[in-house]
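Next come the chains, spelled out residue by residue.
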Amino acid sequence: MSSRQVTALVDLDAISSNFNLVRHHAPNSCAMAIMKADAYGHGAIRVAQSLPAADAFGVARVSEAVELREAGIGQPICLLEGVNDREELNLASIFELQVVIHDQSQLELLERSGARRKIWLKIDTGMGRLGFSPETVPEVLASLGKQTLLGVMTHLSEASDPSSTKTDLQLMRLQEVIGNLEQPGAKTLSIANSAGILGHAASLADWVRPGLMLYGATPFDDLKPMDELHPAMTFSAPVIAVHTVKAGESVGYGGIFTAAEDTRVAVIAAGYADGYPREIAQGAPILLHGERRKLVGNVSMDMICVELEPSDVVQPSDRAVLWGEGLAIEEIAALCGTIPYTLMTGVSSRVYRHYRVSN
Ligand SMILES: *Cc1c(COP(=O)(O)O)cnc(C)c1O
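Residues numbered from 1 in each chain as written. Predicted model: local features only at pLDDT ≥ 70, side-chain atom pairs only at ≥ 80, totals over all residues. Heavy atoms only, no water.

Peer 1: Explanation requested: the environment of Lys36 in the structure shown.
Peer 2: With respect to the element layout, Lys36 can be found in helix H2 (residues 36-40). Judged by its relative accessible area of 30%, Lys36 falls in the partly exposed class. In the structure, Lys36 is positioned 96 residues away from Phe132 in sequence and 23 Å away in space, judged by C-alpha atoms. (Helix = DSSP H or I, 4+ residues; strand = E, 2+ residues; numbered from the N terminus. Buried < 20%, exposed > 50% of the residue type's maximum accessible area, 1.4 Å probe, protein only.)

Peer 1: Can you walk me through the side chain of Gln170 in this structure?
Peer 2: Take Gln170: it is sitting in helix H8 (residues 166-178). The exposure class assigned to Gln170 is buried, which follows from its relative accessible area of 1%. A polar contact is formed between the side chain of Gln170 and the backbone oxygen of His155, at a distance of 2.8 Å. Contacts of Gln170, omitting those with residues within four sequence positions, involve Thr125, Gly126, Met127, His155, Leu156, Ser157 and Glu158. (Polar contact = N/O pair within 3.5 Å; in protein donor to acceptor, adjacent residues only side chain to side chain. Contact = heavy atoms within 4.5 Å.)

Peer 1: Is there a simple way to think about the environment of Ala44 in this case?
Peer 2: Inspection of the secondary structure puts Ala44 in helix H3 (residues 44-49). For Ala44, a relative accessible area of 3% puts it in the buried group. Sequence-wise, Ala44 and Ile34 are 10 residues apart; in three dimensions their C-alpha atoms are separated by 9.4 Å. Ignoring any residue separated from it by four or fewer positions in sequence, one finds Ala44 in contact with Met35, Asp38, Ala39, Glu67 and Leu68.

Peer 1: What's the story with helix H4 (residues 62-70) in this structure? I'm lost.
Peer 2: Note that an α-helix has 3.6 residues per turn; residues three or four places apart therefore point the same way. Within H4, the full set of buried residues consists of Val62, Glu64, Ala65, Val66, Leu68 and Arg69. Residues of H4 that are buried in the fold lie against H2, H3, strand S3 (56-59), strand S4 (77-79) and helix H5 (86-94). Once H4 finishes, Gly72 follows within two positions and takes phi at roughly 95 degrees, a positive value.

Peer 1: What's the story with the pattern of salt bridges in this structure? I'm lost.
Peer 2: Where side chains of opposite charge bring their charged atoms close, a pairing between them can arise. What the rule picks out here adds up to eight salt bridges. Arg292 is the salt-bridge partner of Glu331, the closest N and O atoms lying 2.4 Å from each other. Here Glu331 is found in helix H10 (residues 329-335), whereas its partner Arg292 is found in strand S15 (residues 291-296), with 39 residues between them in sequence. Given the relative accessible area of 29%, Glu331 is considered partly exposed. Salt-bridge contacts for Asp302 lead to Arg350; the nearest nitrogen and oxygen are separated by 2.8 Å. You can see Asp302 sitting in the loop between S15 and strand S16 (304-307) and its partner Arg350 sitting in the loop between helix H11 (340-346) and strand S18 (352-356), a full 48 residues away along the chain. Since its relative accessible area comes to 34%, Asp302 is described here as partly exposed. The network of salt bridges with common partners includes Asp11, Glu325 and Arg356. (Salt bridge = Lys/Arg side-chain N within 4 Å of Asp/Glu carboxyl O.)

Peer 1: Please clarify how H5 should be interpreted in this entry.
Peer 2: Taking the backbone nitrogen of Glu87 as reference, a side-chain oxygen 3.2 Å away marks Asp85 as the first, capping residue of H5. Note on H5: the residue one or two positions beyond its end, Glu96, has a positive phi of about 50 degrees.

Peer 1: How should the nonpolar core be read in this particular structure?
Peer 2: Most often, soluble globular proteins have nonpolar side chains that are buried together. Met35 and Leu51 are the most contacted members of the largest nonpolar core, which totals 117 residues. Looking at which element gives the most residues to this core, the answer is helix H1 (residues 12-25), with six residues. Apart from the residues within four sequence positions on either side, Leu51 is in contact with Ile15, Ser16, Phe19, Ala33, Met35, Phe57, Gln75 and Leu214. Counting residues in each nonpolar core, the second largest holds eight residues, with Phe257, Val265, Val296 and Cys305 among its members. (Core = buried A, V, L, I, M, F, W, Y, C linked by side-chain atoms within 4.5 Å.)

Peer 1: Could you clarify how one ought to interpret the site of the ligand in this entry?
Peer 2: Near the ligand lie 13 residues; those nearest to it are Lys36, Tyr40, Ser194, Leu212 and Tyr341. Within the side chain of Lys36, one N or O atom sits 2.6 Å away from an oxygen atom of the ligand. In this structure, an oxygen atom belonging to the ligand sits 2.9 Å away from a main-chain N or O atom of Gly211. Burial of the ligand by the protein amounts to 92% of the accessible area it has alone, namely 380 Å². Looking at the shell around the ligand, its residues break down into six nonpolar, four polar and three charged. (Near = heavy atom within 4 Å. Areas by Shrake-Rupley, 256 points an atom, 1.4 Å probe, with all protein chains shown as cover. Nonpolar A, V, L, I, M, F, W, Y, C, P; charged D, E, K, R; others polar.)

See the structure below:
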């Protein structure tokens, strides 16, 4: 690895142990590991290859499924938003993808083109986004035609907030719908995302759909790192210059930081074009030689600046950790008013992904 590269080092063993934690919390459920958005920025092919025990994979886009199939991934792959035109349906058939059906037009598309697919019926129990409304479900089930029903899926909208009663309401609505259905498949349920798995045992059901927790960050709103999860990504970048900013001089665009006294600053070669958030607060922590130092000045496209302590011995090619080992992504997310999901998926394509695996 060139020391000049911005790197996302991905620990595949951490992802395996997080997957084992899914099994621990949901011992009686099958697990559909969610690989959308390039496995939340970790690299979908490598991550999927490192999860031979996953019962299925879930993705948002057809292209994401095709990428996994072309890399030789043989487990079932589910399109969480289904297919929306003939071309997507053809790809779903060629690559043997499961499809979510969330509205009538998708079902008609399948029937009109003579396709036979394994389908999940998506019901909107309160997310207010995709899915059939509960009262229409018996009618929809009666019109499945040649399709094979794998099960019924719904998505939780407030599982990340342990004080919310919304999850119970969604579970109740789901039970009301499927309670008196006899159709094969209609009793197979998939409800829980990471927050459901870790926080709502009643939501586990037949299939769970872990995403974020596989990558080792908390899905809960409090952004408190969870001891039982193993963070998988360390985002780091090299120092490319060290210099002294004279008292009264400023650093970076807009001059939002002015040195009160002569201050040594390290320039790090990572910026918002790499996925480091421009919205982050002044003074945000950055690790140099394992020590916390402070971000100063605005985040640029390709660079950030860090204030050094007088005793620091730092030189170009030393590496700074932006989040990951020794610096929780949750803490960084809190400092820019966001969640770990956006930081992980925002790591851009020019960042070099590097993998660590012990076996
Ligand atoms: C993204 C997604 C998940 C995974 O959610 P996490 O909060 O990352 O665990 C599960 N189900 C569906 C339908 C999704 O779109």
